Amino acid sequence: MPSPLAAAITTILWQLPMNAAAHGPAFDRHLLLNLWIALALLALAHILVLIGLIKRRTHTPPRRQALIEFVPLAALALLFAFLATRAEALWQAARYTGPDRAALQVEVTGMQFAWYFRYPGADATFGATKPELVAPGEGNPLGLDPTDPHSADDLVGSQLVLPAGREVDLRLHAQDVIHGFSVPAMRLKQNAVPGQDIHIHFTPTVPGEYAILCTQLCGLGHYRMTATLRVLPEVDFEAWLTQHAPHTGDAQ
Amino acid sequence: MSEPQNPGGASFRASAKGWGMAHHRTLGLAYLGLSTAALLAGVTLSLLMRLHLTWPDWPLPLHGPILPEEYLGAVTLHGTLMLFFVLTVAPLWGFGSLILPAQIGSRRMAFPTLNAAAFWTLVASLLILCASPFVAGGTAISGWTAYPPLSAVAATGPGQALGMDLWLASIGLFSLATCMAAVNMVTTIVCLRCDGMAWHRLPLTVWGWFTAALLSLPSFAVLLAALVLLFCDRHLGTGFFLPATLVVNGIVTHSPADGSPLLWLHLFWFFGHPEVYIAILPGMGLVSMVLANFARRRVFAYRLMIAVMVLIGGIGILVWGHHMFVAGLSPFAGSAFAISTMAIAIPASAEVLSWIATVCGSGVIAGKARLTTPMLFALGFVSLFITGGLTGPILAQPILDQYLHNTFFVVAHFHLIMAMAGVFGLYLATYYWFPLIAGRMLNERLGKIHFWLTIFFAYSTFLPMHITGLAGEPRHYAQFTGIAGPAGELLAATMPLQRHITLSAIFLALAQVPFMINLWRTLRSPATSAPNPWDATTMEWAPNAFSDEPSGPELNTHAGPCEYSLDGETFHPQWQPVTQPNQPE
């Protein structure tokens, strides 16, 4: 990592929020590299134009003309290829492969204008849902079907609670319109699309409370479709799970 | 040069014979008038949005507090007005009708009636859009991109019933008008060039118009088809964009076909991305010509620039997926669209390098390059294009877009490269061609004040948006305060910069006052302009290019554009036979 001074300049200038994901440091390095390159090219181009306007040169031989055009162009093309390759490596690591088999399964459902999170419970299977049963006011925002035995131990909440250091596999749903699931501290964003099942996986590393935002215009309450991600140490997470396990009559 | 006075103003006003068969220059002015009205409305809406974001409790006089759905209605109208009615209509159809025929040595356009029909369709389209805030439920709130199911199901929000239907009707008519105007423009350029105006002698401005008009045909045709499909989903029970089951506000709806909202995203962005090139290509062409004009240079790598412009248009059709990196496509599609999007940065860089090389060594201090107001706006365009363009390759990387998508970073990117650069292109065209259009020069002193204030406040408004975007601030939020939890803290942290941005935006609007004063004062003064005040070389400045006498002298092209001698002392206008080069005045 760069010196504390460089880190301070980075924080003050670019104002990235805290990053608390395993893939975050590599992501931040790549983003900051891009930003610094863009800033340097911006300065360079403006200085060139200013000098060019002030200086007076009568004639450029044709061979130099080709050099002037193609050498910087080739350099820029190489630079873009370099950035694209680095970005592609990160993209592949994040998206080309599925989650670890031991990853924690959580289902995320977006609806106007709230997020709900469902844990499959001890049977490790999400119970069936029925659209006719959706009733947020009755405590059944996802329309859990009580006749399905797998539903009984499903835990549904409006806060995403995750253990630090364990990979999580999010299954994104939307009930009504497209929503955007975004956690800036996890350097993560993925739309939830009605009719589609979209998986995304990542590993939170630093315990704390982080913002979850909706980042796809979803209607008049879009601005207040926020939620909280609570990352807990592994032990505390297990305690939280036990404490919040649904009481399903004879089950406990 | 027998005529002492520019024939601009009077002659074509007299030649406009009724609106049905209007003269192309009358239509050009009419397009510009329509755009100006849309621009004023769009700017007002943006200021209201900024004021509301900064002071959410502030009641709008004669209205009361701005509600979230009203904020989103303003977002939708602002985007629709600016993208369609300002940045598409003014550079392409406005200045295209006004200047293009003269620039290719033609006295008419290919299909005047079609052009007039396009204009009147646009008027209807704008009126329908302007009516939408006044119907029950108000105007549509789904943004200019109108993603379904929000745009397909009336129950998803106020404005999504009749307001959305009016939006669909308006943009449907707009697409039709654009196809008509594009057919007219492409045919004019292909068929009506005067003798000697070979393809390689066309000014880059014409290449910009040509590429943009060509692009607008497939893109607006696809948009029109998508609008029709969306209309069917709304009213005829189809399900192109709707999955089998939706639960909206507790109401379960079933769609007969298991469609997908992603189909709309594909169709919309297949139109939407070329659309932003349609908006900026004419300005890019004009900038090349004006830089060469005032640097008294040839356009650097002129033929390459023709190829580059066509290439930008061509690749521009293949990059739409970069709007959909986090939309739910296969990650492999993300990689493919990242490559095509990075590829377009190369011709765009070639364009910028040509601009820099054209002015490089032109010598303002030595008095050779002339820092006139049009030149300043051309340089401003270059500056904004570079600043906005440099964030393009950043957003082209899917992994970075997974953080930056739909944040203010994106808002900053496209406002600099498309909106601000586009508007600078329009001011450039206005200052540069005003002597032709009105027979008068706009005041240089006021013009320069206008330029410096505008570029300063444009940067002051849009540069900080990069920072708020990096801080995680999303677009389309009706307010950033009064929200609980860590999300509320993240949003509220950007408020100091929000205030700065809002104040800058107000000053940016006020910076247009010198321009209005300039326009008003100049139009009241007597016509005085010399026939070719900028020592320009392109055909529209030929002494008889704007004359409408059918028996007038034939226009012929004898040279390429921007043929300045190597020392910049003499130049060769395109209309002059090759024997003797012209002396500057």
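So, how was this worked out
Counting restarts for each chain: residues are numbered from 1 in the order of the written sequence. By the order in which they are written, chains take letters starting at A while ligands take numbers starting at 1. Where local features are concerned, this predicted model is filtered to residues with pLDDT of at least 70; where side-chain atom pairs are given and counted, the filter is 80 or more; whole-chain, interface and lining totals use all residues. Secondary structure counts use DSSP, requiring at least four H or I residues in a row for a helix and at least two E residues in a row for a strand, with both numbered from the N terminus. In this setup the radius of gyration rests on C-alpha atoms only. A globule is expected at 2.2 Å times the number of residues raised to 0.38. For every residue, the pLDDT score states the predictor's confidence, bounded by 0 at the bottom and 100 at the top. Once C-beta atoms have been placed from the backbone, residue pairs whose C-beta atoms lie within 7 Å are recorded as contacts. In this count, Pro and Cys sit with the nonpolar residues alongside Ala, Val, Leu, Ile, Met, Phe, Trp and Tyr, while Asp, Glu, Lys and Arg are called charged and the others, Gly among them, polar. By definition here, a helix of n residues has an expected span of 1.5 Å times n minus one. Fitting axes to the seven residues that end at a residue and to the seven that start at it, the angle between those axes gives the bend at that residue. Strands are treated as partners if at least two bridges between them are detected by DSSP. Each axis is a line fitted through C-alpha atoms, and for a helix only the stretch in contact is used; angles between axes span 0 to 180 degrees, taken between their N-to-C directions.

Undergrad: Requested: an account of the overall build of chain A, with residues and values cited.
TA: The secondary structure content of chain A amounts to four helices and 10 strands. Reading the secondary structure of chain A in the N-to-C direction produces α-α-α-β-β-β-β-β-β-β-β-β-β-α. In terms of overall dimensions, chain A is more spread out than a globule: its C-alpha atoms have a radius of gyration of 25 Å, far above the 18 Å expected for 252 residues. Overall, the C-alpha framework of chain A stretches about 90 × 40 × 30 Å when taken along its three principal axes.

Undergrad: Explain the confidence of the model for chain B residue by residue, including any values.
TA: Residues and elements named next belong to chain B. On average, residues of chain B score 91 in pLDDT, and 93% of them are at 70 or above. Across residues 1-16 the pLDDT falls below 50, and counting only partners more than four positions away or on other chains, this stretch makes 34 contacts in the model. Our summary of model confidence lists the complex with pTM equal to 0.94 and ipTM equal to 0.94.

Undergrad: Any details on the interface of chain A and chain B? Residues and values, ideally.
TA: Each partner contributes to the interface: chain A provides 75 residues, whereas chain B provides 87 residues. Taken together, the elements giving at least two residues each to the side of chain A that touches chain B come down to α2 (24-54), α3 (62-96), β7 (188-192) and β9 (208-214) of chain A. Considering every element that reaches the side of chain A that touches chain B, the biggest residue donor is α3(A), with 17 residues. Its residues assigned to classes, the side of chain A that touches chain B comprises 43 nonpolar, 20 polar and 12 charged.

Undergrad: Just give me the short version of helix α7 (residues 204-235) of chain B, but keep the residues and values in it.
TA: Residues and elements named next belong to chain B. Taking 1.5 Å of rise per residue, the 32 residues of α7 would be expected to cover 46 Å, and the 45 Å separating its terminal C-alpha atoms lies within 8% of that figure. Ser-216 marks the point of greatest bend in α7, at about 30°, and the proline Pro-218 comes within the next four residues. One or two residues past the end of α7 sits Gly-237, with phi positive at roughly 75°.

Undergrad: Break down the sheet that holds strand β8 (residues 198-202) of chain A for me, with residues and values.
TA: All names here are of chain A. Strand order in the open sheet made by the five strands is β3-β2-β1-β5-β8, with mixed pairing throughout. At either end of the open sheet lies a strand with only one pairing partner, and these are β3 (155-157) and β8. Across the sheet, the axes of successive neighbouring strands diverge by a mean angle of 25°, strand direction being ignored. Bridge analysis of strand β1 (residues 104-111) against strand β5 (residues 168-174) gives seven bridges, and the strand direction is parallel. Counterpart to Glu-107 in the pairing with β5 is Arg-171.

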